[in-house]
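Each chain, written out:
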Amino acid sequence: MTKAQESNEKRRTLMLESSPYRAIPVIAAPMIISMLVDSVYNMTDALFVSSMGEIAVAAVGINDALLAYMRAIAMCFATGAVSVLSRMLGAERYREADETASSTLIASIVILSALSAVCLLFITPIATLLGATESVRPYSVEYGRIILMAAPFIAGEVVTSFLLRSEGNTAMSMIGTCAGCVVNIALDPVFIMPWGLGWGIAGAAVATAIGRVVSFTILIMPFIRKKTMLKLSIRKFSFRWAIYRDVIKMGIPGTLRDALMTGSWVVMNNVAGGFGDYALAAITVAKKTINLVASAIMGFGQGYLPIAGFCWGANKFKRVRETFRACTVIGWGCAIVLGALLTIFSRDLAMLFAHDGETETVRIAVLIIVSQSLTLIPHVWGIVINGLCQASGHPVMSTFVGLSRNFICLIPVIYLMAGLFGVEGLALSQAAANILSLAICIPIVIRILKECRTKEMEEAAVNE
């Protein structure tokens, strides 16, 4: 047995047989680290740009939505592939997995590149639609043009990262993602600050684009060097609809979820713009800060998905339930600890972006950070439940769970609370939506766990 085969077998054993309290941290830790580093780099962009004032910070926030839409399209292929591939690999259907992985990667790069080319023609109205006010719009357009030109590498980075995760190779996924982020962080001051190249907000966009190129280059290397379970090749690319049907069926719920969640940010940006640029900047500051914890939670959920998918594909339904229970315990404990830390240091974190001392931007940002920190348990549980839905092949349920917090509950709450309580109500709207989302998540998780028990009993009866 070669070293690569031995490594692959160890990952398979880890996901199918090791204690959930060992397997989950091992698989999820690299994802958490990579998501945290990604969050830090996003915060770094805003920190350096904040020297240009609240308007520049608001422009970065507007383009976060643009980048999120681009990633959502790539995630259609990426998350769909993880759901399909983890079950294929669990069932040892390797040839089908290779064809699916190769076709998914190539199609994602081509489609996102084509869509971004069209968006370049309409970048100014797109910036306005995303919530840019008249004063913020020029900065948003300048940043957005550069980000759109990086589309092929954004798609490639997202999909190759998830392909590695589908086979449990989360460490390599972490290395590739983190490397691009570190390059981005290193280049930010050089490109943005007056003592460097002095490109301002365009410098932040160029640094981001270069970071994506570096990440994709590193992430594709294990496939080129044949160090993975999955074997990528242009020759394995296929136009067969059956391949894309399964991937898209599982990926569309995630894409729809991400797109509509980003739509909620756009709604919040537009409502905030009505109160003034300070409110728009406050939302950006709070979002960048909260993402330090939210990204870790997202990485935790992404680490759970391949484990649950492997177990489902291998008909180990009892282990699916056990890993879900372990994820819930670990996730809730982390939510309590991290939420407490964010609450304690909320003002200090918000002040990092303030060059004029205590301002309305800081006050509103702190209110957002604290309120969301106190409602992290529904957030983390929703992520874990969504991973269970995807791993078990329930795209409709996955969609409802994903949309529950950041769309179905959030948009009505934004308008209601902003209308009743002004900018403070807007600041508290996400926390309120976190709590309300439990009404959707709880019935869904009960149904899937019941299905697990039923399949578990059927499997036991067959084996007797």
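Residues numbered from 1 in each chain as written. Predicted model: local features only at pLDDT ≥ 70, side-chain atom pairs only at ≥ 80, totals over all residues. Heavy atoms only, no water.

So, the overall build of the chain
Regarding its fold elements, the chain presents 18 helices and zero strands. Radius of gyration (C-alpha) of the chain: 22 Å, near the 23 Å computed for a compact globule of 464 residues. Along the longest, intermediate and shortest principal axes, the C-alpha atoms of the chain span 70 × 45 × 35 Å. Looking at the chain residue by residue over its 464 residues, the buried ones come to 59%. (Helix = DSSP H or I, 4+ residues; strand = E, 2+ residues; numbered from the N terminus. Rg over C-alpha atoms; globule rule 2.2 N^0.38 Å. Buried < 20%, exposed > 50% of the residue type's maximum accessible area, 1.4 Å probe, protein only.)

Structural notes on the pattern of salt bridges
Under the counting rule described, the total for this entry stands at six salt bridges. One salt bridge in this structure joins Lys288 and Asp64, with 2.8 Å as the shortest N-O distance. Here the residue Lys288 occupies a position in helix α11 (residues 277-313), and Asp64 occupies one in helix α3 (residues 54-90), the gap between them amounting to 224 residues. With a relative accessible area of 3%, Lys288 lands in the buried category. Note on Asp64: relative accessible area 13%, which makes it buried. Note that Glu360 is salt-bridged to Arg363, the shortest N-O span being 2.8 Å. Placement of both Glu360 and Arg363 in helix α14 (residues 360-373) is noted, with a separation of three residues, approximately one turn of the helix. Judged by its relative accessible area of 36%, Glu360 falls in the partly exposed class. Each of the salt bridges in this network shares a partner with another, and the network as a whole consists of Asp64, Lys287 and Lys288. (Salt bridge = Lys/Arg side-chain N within 4 Å of Asp/Glu carboxyl O.)

Comments concerning the nonpolar core
Formed by 140 residues in total, the largest nonpolar core has its most connected members in Leu163 and Phe324. If one sorts the elements of this core by residue count, α3 sits on top with 20 residues. Discounting chain neighbours no more than four positions away, the residues touching Phe324 are Tyr304, Trp381, Val384, Ile385, Leu388, Val445 and Leu449. (Core = buried A, V, L, I, M, F, W, Y, C linked by side-chain atoms within 4.5 Å. Contact = heavy atoms within 4.5 Å.)

Regarding a positive patch on the surface
Among the surface-exposed residues, Lys318, Arg325, Lys450 and Arg453 lie close enough to one another that they form a single positively charged patch. Mapped by element, the contributors of at least two residues to the positive patch are α12 (317-344) and α18 (438-463). Looking at where Arg325 falls in the secondary structure, it is placed in helix α12. (Patch = residues over 30% accessible without salt bridge, like charges linked within 9 Å, V, L, I, M, F, W, Y side chains within 5 Å. Areas by Shrake-Rupley, 256 points an atom, 1.4 Å probe, with all protein chains shown as cover. Lys, Arg positive; Asp, Glu negative; His and termini not counted. Charge placed at Lys NZ, Arg CZ, Asp CG, Glu CD.)

Some remarks on the state of the cysteines
Scanning all chains against the criterion turns up zero disulfides. Between Cys178, a free cysteine, and Cys181, which holds the nearest cysteine sulfur, the sulfur-to-sulfur gap is 6.2 Å. Of the cysteine sulfurs around Cys389, a residue in no disulfide, the closest is that of Cys441, at 8.3 Å. (Disulfide = S-S within 2.5 Å.)

Some points on the packing of α14 against helix α17 (residues 410-436)
Where α14 meets α17, the axes come as close as 8 Å, and the angle between the chain directions of the two elements is 15 degrees. Compared by their axis directions, α14 and α17 come out roughly parallel. As for how α14 packs across α17, the hand of that crossing is right-handed. Mapping the contact onto sequence places Arg363, Ile364, Leu367, Ile368, Ser371 and Gln372 in α14 and Val423, Glu424, Ala427, Leu428, Gln430, Ala431 and Asn434 in α17. (Axes fitted to C-alpha atoms, helices over the stretch in contact; angles between N-to-C directions. Parallel < 35°, antiparallel > 145°, perpendicular 65-115°, else oblique. Left-handed = near helix turned anticlockwise from the far one by under 90°.)

Re the packing of aromatic side chains
For the structure on display, the rule yields four aromatic pairs. Taking the centre distance of 5.1 Å and the plane angle of 85 degrees together, the rings of Trp312 and Phe317 count as edge-to-face. Grouping residues by exposure puts Trp312 and Phe317 together as buried. (Phe/Tyr/Trp six-rings, centres within 6.5 Å; stacked < 30°, edge-to-face > 60°.)

As for the side chain of Thr361
Examined against the element boundaries, Thr361 turns out to sit in helix α14. In this structure the side chain of Thr361 is engaged in a polar contact, spanning 3.3 Å, whose partner is the backbone oxygen of Tyr278. Ignoring any residue separated from it by four or fewer positions in sequence, one finds Thr361 in contact with Glu54, Tyr278, Ala281, Ala282 and Val285. (Polar contact = N/O pair within 3.5 Å; in protein donor to acceptor, adjacent residues only side chain to side chain.)

With respect to a nonpolar patch on the surface
Taken together, the side chains of Ile336, Val337, Leu341, Ile344 and Phe345 define a hydrophobic patch exposed on the protein surface, amounting to about 490 Å² of accessible area. Position of Ile344 among the secondary structure elements: in helix α12.

Digging into the packing of helix α16 (residues 395-408) against α17
Contact geometry for α16 and α17: axes closest at 5 Å, N-to-C directions at 170 degrees. It follows from the interaxial angle that α16 and α17 lie roughly antiparallel. Facing Arg405, Asn406, Phe407 and Ile408 of α16, the residues of α17 in contact are Leu410, Ile411, Pro412, Gln430, Ala433 and Asn434. Residue composition of the contact of α16 with α17, grouped by class: six nonpolar, three polar and one charged. (Nonpolar A, V, L, I, M, F, W, Y, C, P; charged D, E, K, R; others polar.)

Regarding helix α4 (residues 94-121)
The terminal C-alpha atoms of α4, which comprises 28 residues, lie 42 Å apart, in line with the 40 Å expected from a rise of 1.5 Å per residue. For α4, the complete set of buried residues consists of Ala97, Asp98, Thr100, Ala101, Ser102, Ser103, Thr104, Leu105, Ala107, Ser108, Leu112 and Ser116. (Expected span 1.5 Å × (residues − 1).)

Notes on the environment of Glu9
Examined against the element boundaries, Glu9 turns out to sit in helix α1 (residues 3-16). Considering only alpha carbons, one finds Glu9 and Phe400, 391 residues apart in sequence, at a separation of 35 Å.

Brief notes about the side chain of Ser264
Note on placement: Ser264 falls in helix α10 (residues 241-275). Each residue touching Ser264, except ones within four places of it in the same chain, is listed here: Asn406, Phe407, Leu410, Ile411 and Ile414.

Points about helix α9 (residues 201-224)
In this model α9 runs 35 Å from its N-terminal to its C-terminal C-alpha over 24 residues, within 8% of the 34 Å that 1.5 Å per residue would give. The positive-phi residue at the C-terminal boundary of α9 is Lys226, with phi of around 60 degrees.

Section: the environment of Val384
Mapping Val384 onto the fold places it in helix α15 (residues 376-391). We classify Val384 as buried; its relative accessible area is 1%. Taking the C-alpha atoms as reference points, Val384 and Met298, 86 residues apart in sequence, are found 8.8 Å from one another.

Thoughts on the confidence of the model for the chain
Averaged over all residues, the pLDDT of the chain is 81; the fraction at 70 or higher stands at 94%. α17 holds the highest mean pLDDT among the elements of the chain, 91, whereas α1 holds the lowest, 69. (pLDDT = per-residue confidence, 0-100.)

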